[in-house]
Amino acid sequence: METEEEAMKLILLGAPGAGKGTQAEILSHKLGIPTISTGNILRAAMKNGTPVGLKAKEYVESGRLVPDDVIIGIVEERLAEPDCAEGYILDGMPRTIPQAEALEARGIDIDCALSIEIADETIVERMSGRRTCPGCGATYHVVSAPPKTEGRCDNCSSELTIRKDDAPETVKARLEVYHRETEPLKAFYAERGKLKSVENQPTIEATTAEIAKALGITL
Ligand code: AMP
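One structure accompanies this document, and this report is about it. Along each chain, the written sequence defines residue order, and numbers are assigned to residues from 1. In view of the model being predicted, local features appear only for residues whose pLDDT reaches at least 70, and side-chain atom pairs are presented and counted only at 80 or more, with totals across whole chains, interfaces and linings using the full set of residues. Neither water nor hydrogens contribute to the side-chain values; these are computed over all heavy atoms in the structure.

Quick word on the sheet that holds strand β1 (residues 8-14)
In this scheme, strands are said to pair when DSSP sees at least two bridges between them. Counting from the N terminus, the helices are the DSSP runs of H or I reaching at least four residues and the strands are the DSSP runs of E reaching at least two. Judged by pairing direction, the sheet is parallel, and its 5 strands sit side by side in the order β2-β3-β1-β4-β7 without closing on themselves. Since the sheet does not close on itself, it has two edges, and those belong to β2 (35-37) and β7 (195-199), each with one partner. On average, each strand axis in the sheet is inclined to that of its neighbour by 20°, with strand direction left out of account. Pairing geometry for β1 and strand β3 (residues 87-91), over 5 bridges, is parallel. Looking at the pairing, isoleucine 11 lines up with leucine 90 of β3. Axis definition: a line fit to C-alpha positions, over the contact stretch in the case of helices; interaxial angles, taken between N-to-C directions, run 0 to 180 degrees.

Section: the site of the ligand
Working definition: residue near molecule or strand if any one of its non-hydrogen atoms lies within 4 Å of it. Neighbouring the ligand are 17 residues; Thr38, Arg43, Arg64, Gly92 and Gln99 lie closest to it. As used in this structure description, the phrase polar contact means that two N or O atoms lie within 3.5 Å; if the pair is within protein, one of them must be able to donate a hydrogen and the other to accept it, and residues adjacent in sequence are counted only when both atoms belong to side chains. One nitrogen or oxygen atom from the side chain of arginine 163 is found 3.2 Å from an oxygen atom belonging to the ligand. Contact with the protein chains removes 96% of the 480 Å² of surface that the ligand exposes when unbound. Broken down by secondary-structure element, the contributors of at least two residues to the shell around the ligand are α2 (38-48) and α3 (51-62). Sorting elements by how many residues they give to the shell around the ligand places α2 first, with 4 residues. Considering only residue class, the shell around the ligand consists of 7 nonpolar, 4 polar and 6 charged. A 1.4 Å probe and the Shrake-Rupley method give the accessible areas. Residues count as covered only by the protein chains that appear here. Residue classes follow a fixed rule: Ala, Val, Leu, Ile, Met, Phe, Trp, Tyr, Cys and Pro count as nonpolar, while Asp, Glu, Lys and Arg count as charged, and any other residue, Gly among them, counts as polar.

Describing the pairing of strand β4 (residues 112-117)
Burial runs high along β4: 6 of the 6 residues are buried. Partly exposed describes any residue whose relative accessible area lies between the buried limit of under 20% and the exposed limit of over 50%, with all areas from a 1.4 Å probe on protein chains only and scaled to the type maximum. Judged by which residues are buried, β4 turns out to be covered on both faces: Cys112, Leu114 and Ile116 on one side and Ala113, Ser115 and Glu117 on the other are all buried. Two strands pair when backbone bridges link them, and β1 and β4 are joined in this way by 5 bridges, in the parallel orientation. Bridging from a neighbouring strand, isoleucine 11 pairs with alanine 113 of β4. Bridge analysis of β4 against β7 gives 5 bridges, and the strand direction is parallel. For alanine 113, the partnering residue across the bridge sits in β7 and is leucine 195.

Describing the packing of aromatic side chains
Two aromatic rings from Phe, Tyr or Trp, using only the six-membered ring of Trp, form a pair when their centres are within 6.5 Å; if the ring planes differ by under 30 degrees the pair is stacked, by over 60 it is edge-to-face, and anything between is tilted. All chains considered together, the criterion is met by 1 aromatic pair. Between phenylalanine 188 and tyrosine 189 the ring centres are 4.9 Å apart and the planes differ by 80°, which places this aromatic pair in the edge-to-face class. In this pair, the class of phenylalanine 188 matches that of tyrosine 189, namely buried. Ring-over charges, as used throughout, are those where CZ of Arg or NZ of Lys falls within 6 Å of the ring centre and within 35 degrees of the ring normal. Over the ring of phenylalanine 188 we find arginine 192; its NZ or CZ atom is 3.6 Å from the centre of that ring.

Remarks on helix α8 (residues 184-191)
Residues lying three or four places apart along an α-helix face the same way, a consequence of the helix completing one turn every 3.6 residues. Every buried residue belonging to α8 is among Leu185, Lys186, Phe188 and Tyr189, and all of these are buried. Each buried residue of α8 lies within a common arc of 160° when the element is viewed along its axis, so the set occupies one face. Any two residues having at least one pair of non-hydrogen atoms within 4.5 Å are treated as being in contact. Taken together, the buried residues of α8 touch β1, α5 (97-105), β4, α7 (168-182) and β7. In this description, one arc is meant: the one made by directions from the helix axis to the C-beta atoms.

Quick word on the pattern of salt bridges
Here, a salt bridge means any Lys or Arg side-chain nitrogen found within 4 Å of an Asp or Glu carboxyl oxygen. On inspection of all chains with the given rule, the structure shows 18 salt bridges. With a closest N to O distance of 3.0 Å, lysine 194 and aspartate 109 form a salt bridge. In this pair, lysine 194 is assigned in the loop between α8 and β7 and aspartate 109 in the loop between α5 and β4, connecting sequence segments 85 residues apart. A salt bridge links glutamate 191 to arginine 192, with the shortest nitrogen-to-oxygen separation between them at 3.7 Å. By relative accessible area, which is 65% here, glutamate 191 ends up exposed. Overall, the relative accessible area of 35% leaves arginine 192 in the partly exposed class. Through salt bridges with shared partners, a single ionic network connects Arg130, Arg163, Asp165, Asp166 and Arg174.

Okay, here's the thing in C-alpha coordinates:
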(Lines give C-alpha, C1' and ligand atoms only; values in the text may rest on other atoms or scores of the structure.)
Protein backbone atom coordinates (compact mmCIF):
# COMPACT_ATOMS: atom_id res chain seq x y z
CA MET A 1 0.00 0.00 0.00
CA GLU A 2 1.31 3.41 -0.90
CA THR A 3 1.78 6.12 1.70
CA GLU A 4 1.87 9.88 1.49
CA GLU A 5 5.67 9.79 1.50
CA GLU A 6 5.95 7.76 -1.68
CA ALA A 7 6.57 9.58 -4.98
CA MET A 8 3.49 9.65 -7.11
CA LYS A 9 3.14 10.72 -10.72
CA LEU A 10 -0.47 11.24 -11.42
CA ILE A 11 -2.54 12.46 -14.36
CA LEU A 12 -6.02 13.81 -13.71
CA LEU A 13 -8.42 13.24 -16.59
CA GLY A 14 -11.97 14.47 -16.89
CA ALA A 15 -14.17 16.93 -18.70
CA PRO A 16 -13.73 20.68 -18.15
CA GLY A 17 -15.44 21.44 -14.85
CA ALA A 18 -15.18 17.87 -13.54
CA GLY A 19 -13.24 19.19 -10.55
CA LYS A 20 -9.71 18.29 -11.66
CA GLY A 21 -8.25 21.60 -10.49
CA THR A 22 -9.99 21.45 -7.10
CA GLN A 23 -9.00 17.85 -6.46
CA ALA A 24 -5.46 18.47 -7.73
CA GLU A 25 -5.06 21.29 -5.23
CA ILE A 26 -6.27 19.09 -2.35
CA LEU A 27 -4.05 16.15 -3.35
CA SER A 28 -1.11 18.44 -3.88
CA HIS A 29 -1.35 19.77 -0.29
CA LYS A 30 -1.93 16.35 1.25
CA LEU A 31 0.78 14.55 -0.71
CA GLY A 32 3.29 17.42 -0.74
CA ILE A 33 3.82 17.29 -4.50
CA PRO A 34 3.22 20.08 -7.03
CA THR A 35 0.29 20.36 -9.39
CA ILE A 36 1.11 21.27 -12.94
CA SER A 37 -1.97 22.83 -14.45
CA THR A 38 -1.47 23.72 -18.10
CA GLY A 39 -4.64 25.85 -17.96
CA ASN A 40 -3.22 27.92 -15.08
CA ILE A 41 0.17 28.23 -16.79
CA LEU A 42 -1.51 29.43 -20.00
CA ARG A 43 -3.77 31.92 -18.17
CA ALA A 44 -0.73 33.36 -16.34
CA ALA A 45 1.16 33.62 -19.64
CA MET A 46 -1.83 35.38 -21.25
CA LYS A 47 -2.08 37.81 -18.35
CA ASN A 48 1.63 38.60 -18.57
CA GLY A 49 1.53 38.91 -22.37
CA THR A 50 4.41 36.46 -22.91
CA PRO A 51 4.97 34.96 -26.40
CA VAL A 52 3.29 31.72 -25.27
CA GLY A 53 0.39 33.73 -23.83
CA LEU A 54 -0.10 35.70 -27.04
CA LYS A 55 -0.10 32.49 -29.07
CA ALA A 56 -2.51 30.70 -26.69
CA LYS A 57 -5.08 33.47 -26.25
CA GLU A 58 -7.28 32.88 -29.31
CA TYR A 59 -7.43 29.14 -28.64
CA VAL A 60 -8.17 29.39 -24.91
CA GLU A 61 -10.79 32.08 -25.25
CA SER A 62 -12.71 30.17 -27.91
CA GLY A 63 -12.51 26.85 -26.06
CA ARG A 64 -10.20 25.17 -28.55
CA LEU A 65 -7.03 23.27 -27.69
CA VAL A 66 -3.69 25.04 -27.83
CA PRO A 67 -1.34 23.30 -30.32
CA ASP A 68 0.40 20.22 -28.90
CA ASP A 69 3.94 21.53 -29.47
CA VAL A 70 3.27 24.59 -27.28
CA ILE A 71 1.85 22.43 -24.47
CA ILE A 72 4.59 19.82 -24.65
CA GLY A 73 7.25 22.56 -24.43
CA ILE A 74 5.60 24.10 -21.36
CA VAL A 75 5.23 20.78 -19.53
CA GLU A 76 8.69 19.49 -20.37
CA GLU A 77 10.22 22.67 -18.97
CA ARG A 78 8.11 22.55 -15.82
CA LEU A 79 8.77 18.85 -15.10
CA ALA A 80 12.51 19.52 -15.23
CA GLU A 81 12.26 21.73 -12.13
CA PRO A 82 13.56 20.21 -8.90
CA ASP A 83 10.23 20.21 -7.05
CA CYS A 84 8.91 17.62 -9.52
CA ALA A 85 11.54 15.05 -8.54
CA GLU A 86 9.33 13.60 -5.80
CA GLY A 87 6.24 13.28 -7.97
CA TYR A 88 3.58 15.58 -9.40
CA ILE A 89 -0.01 15.87 -10.49
CA LEU A 90 -0.70 16.77 -14.10
CA ASP A 91 -3.98 18.67 -14.29
CA GLY A 92 -5.27 19.23 -17.82
CA MET A 93 -2.39 17.56 -19.63
CA PRO A 94 -2.27 15.35 -21.67
CA ARG A 95 -5.43 16.34 -23.51
CA THR A 96 -4.74 14.58 -26.78
CA ILE A 97 -3.20 11.24 -27.78
CA PRO A 98 -0.16 13.00 -29.34
CA GLN A 99 0.46 14.79 -25.99
CA ALA A 100 0.35 11.44 -24.15
CA GLU A 101 2.68 9.91 -26.73
CA ALA A 102 5.04 12.86 -26.34
CA LEU A 103 5.25 12.19 -22.59
CA GLU A 104 6.07 8.54 -23.23
CA ALA A 105 8.61 9.41 -25.89
CA ARG A 106 10.41 11.60 -23.35
CA GLY A 107 10.50 8.79 -20.79
CA ILE A 108 7.95 10.56 -18.58
CA ASP A 109 6.38 7.51 -17.02
CA ILE A 110 3.31 8.11 -14.92
CA ASP A 111 1.89 5.80 -12.24
CA CYS A 112 -1.78 6.42 -12.78
CA ALA A 113 -4.28 8.31 -14.94
CA LEU A 114 -7.29 9.02 -12.80
CA SER A 115 -10.48 9.97 -14.58
CA ILE A 116 -13.24 11.91 -12.82
CA GLU A 117 -16.52 10.91 -14.46
CA ILE A 118 -19.34 13.43 -14.61
CA ALA A 119 -22.41 14.01 -16.80
CA ASP A 120 -22.29 16.87 -19.33
CA GLU A 121 -25.49 18.40 -17.88
CA THR A 122 -23.95 18.63 -14.41
CA ILE A 123 -20.97 20.43 -15.89
CA VAL A 124 -22.98 23.08 -17.69
CA GLU A 125 -24.81 23.81 -14.44
CA ARG A 126 -21.64 23.86 -12.40
CA MET A 127 -19.62 26.12 -14.71
CA SER A 128 -22.08 28.98 -14.32
CA GLY A 129 -21.07 29.33 -10.64
CA ARG A 130 -17.34 28.96 -11.08
CA ARG A 131 -15.05 31.81 -10.02
CA THR A 132 -11.31 31.97 -10.56
CA CYS A 133 -8.50 33.91 -8.91
CA PRO A 134 -6.43 35.72 -11.55
CA GLY A 135 -3.66 36.10 -8.96
CA CYS A 136 -2.92 32.50 -7.91
CA GLY A 137 -5.22 30.36 -10.04
CA ALA A 138 -7.37 29.05 -7.16
CA THR A 139 -10.93 28.16 -8.08
CA TYR A 140 -14.15 28.63 -6.13
CA HIS A 141 -17.84 28.03 -6.65
CA VAL A 142 -20.49 30.46 -5.49
CA VAL A 143 -22.55 27.62 -3.93
CA SER A 144 -20.38 24.55 -3.31
CA ALA A 145 -17.01 26.17 -2.53
CA PRO A 146 -17.44 29.88 -1.76
CA PRO A 147 -14.48 32.01 -0.64
CA LYS A 148 -14.41 33.23 2.98
CA THR A 149 -14.98 36.81 1.82
CA GLU A 150 -17.37 37.17 -1.10
CA GLY A 151 -15.58 37.86 -4.36
CA ARG A 152 -12.05 37.66 -2.86
CA CYS A 153 -9.45 34.90 -3.00
CA ASP A 154 -8.74 33.21 0.36
CA ASN A 155 -5.04 32.80 -0.53
CA CYS A 156 -4.06 36.16 -2.03
CA SER A 157 -7.14 38.46 -1.67
CA SER A 158 -7.29 39.18 -5.41
CA GLU A 159 -10.71 39.95 -6.81
CA LEU A 160 -12.25 36.75 -8.23
CA THR A 161 -13.21 36.68 -11.90
CA ILE A 162 -15.33 34.58 -14.24
CA ARG A 163 -13.20 32.87 -16.86
CA LYS A 164 -14.08 34.03 -20.37
CA ASP A 165 -14.15 30.42 -21.51
CA ASP A 166 -16.76 29.54 -18.87
CA ALA A 167 -19.47 31.29 -20.93
CA PRO A 168 -22.19 28.70 -21.77
CA GLU A 169 -21.48 28.52 -25.55
CA THR A 170 -17.77 28.11 -24.92
CA VAL A 171 -18.42 25.42 -22.30
CA LYS A 172 -20.39 23.49 -24.94
CA ALA A 173 -17.49 23.80 -27.39
CA ARG A 174 -15.03 22.65 -24.72
CA LEU A 175 -17.18 19.62 -23.92
CA GLU A 176 -17.23 18.65 -27.60
CA VAL A 177 -13.47 18.99 -27.74
CA TYR A 178 -13.21 16.86 -24.59
CA HIS A 179 -15.29 14.00 -26.00
CA ARG A 180 -13.50 14.09 -29.35
CA GLU A 181 -9.86 14.70 -28.38
CA THR A 182 -9.39 13.88 -24.70
CA GLU A 183 -11.75 11.05 -23.84
CA PRO A 184 -9.79 8.58 -26.08
CA LEU A 185 -6.98 8.95 -23.51
CA LYS A 186 -8.99 6.71 -21.18
CA ALA A 187 -8.52 3.79 -23.61
CA PHE A 188 -4.87 4.79 -24.10
CA TYR A 189 -4.12 4.50 -20.37
CA ALA A 190 -6.44 1.50 -19.86
CA GLU A 191 -4.37 -0.40 -22.44
CA ARG A 192 -1.33 0.34 -20.32
CA GLY A 193 -3.07 -0.81 -17.13
CA LYS A 194 -2.90 2.71 -15.69
CA LEU A 195 -6.47 3.95 -15.82
CA LYS A 196 -8.55 4.40 -12.68
CA SER A 197 -11.99 6.01 -12.68
CA VAL A 198 -14.09 7.62 -10.00
CA GLU A 199 -17.60 9.03 -10.19
CA ASN A 200 -18.04 12.69 -9.31
CA GLN A 201 -19.77 12.92 -5.92
CA PRO A 202 -22.19 15.56 -4.57
CA THR A 203 -19.47 17.17 -2.44
CA ILE A 204 -15.79 17.95 -2.98
CA GLU A 205 -14.84 15.95 0.15
CA ALA A 206 -16.74 12.87 -1.01
CA THR A 207 -15.01 12.97 -4.40
CA THR A 208 -11.62 13.31 -2.67
CA ALA A 209 -12.48 10.23 -0.57
CA GLU A 210 -13.31 8.25 -3.74
CA ILE A 211 -10.02 9.30 -5.30
CA ALA A 212 -8.06 8.25 -2.20
CA LYS A 213 -9.79 4.87 -2.28
CA ALA A 214 -9.05 4.42 -6.00
CA LEU A 215 -5.38 5.32 -5.48
CA GLY A 216 -5.10 3.16 -2.36
CA ILE A 217 -3.80 6.02 -0.25
CA THR A 218 -4.79 7.44 3.13
CA LEU A 219 -5.31 11.17 3.09
P1 AMP B 1 -8.31 24.26 -18.26
O2 AMP B 1 -8.02 25.29 -17.23
O3 AMP B 1 -7.55 22.96 -18.01
O4 AMP B 1 -9.78 24.02 -18.46
O5 AMP B 1 -7.74 24.82 -19.64
C6 AMP B 1 -8.26 25.98 -20.23
C7 AMP B 1 -7.91 26.05 -21.71
O8 AMP B 1 -6.47 26.04 -21.85
C9 AMP B 1 -8.39 24.87 -22.54
O10 AMP B 1 -9.73 25.03 -22.97
C11 AMP B 1 -7.40 24.93 -23.71
O12 AMP B 1 -7.71 26.00 -24.59
C13 AMP B 1 -6.09 25.29 -23.01
N14 AMP B 1 -5.36 24.09 -22.55
C15 AMP B 1 -5.07 23.74 -21.26
N16 AMP B 1 -4.38 22.59 -21.22
C17 AMP B 1 -4.23 22.19 -22.50
C18 AMP B 1 -3.62 21.07 -23.13
N19 AMP B 1 -3.02 20.10 -22.42
N20 AMP B 1 -3.65 21.01 -24.48
C21 AMP B 1 -4.24 21.98 -25.22
N22 AMP B 1 -4.84 23.05 -24.70
C23 AMP B 1 -4.84 23.17 -23.36
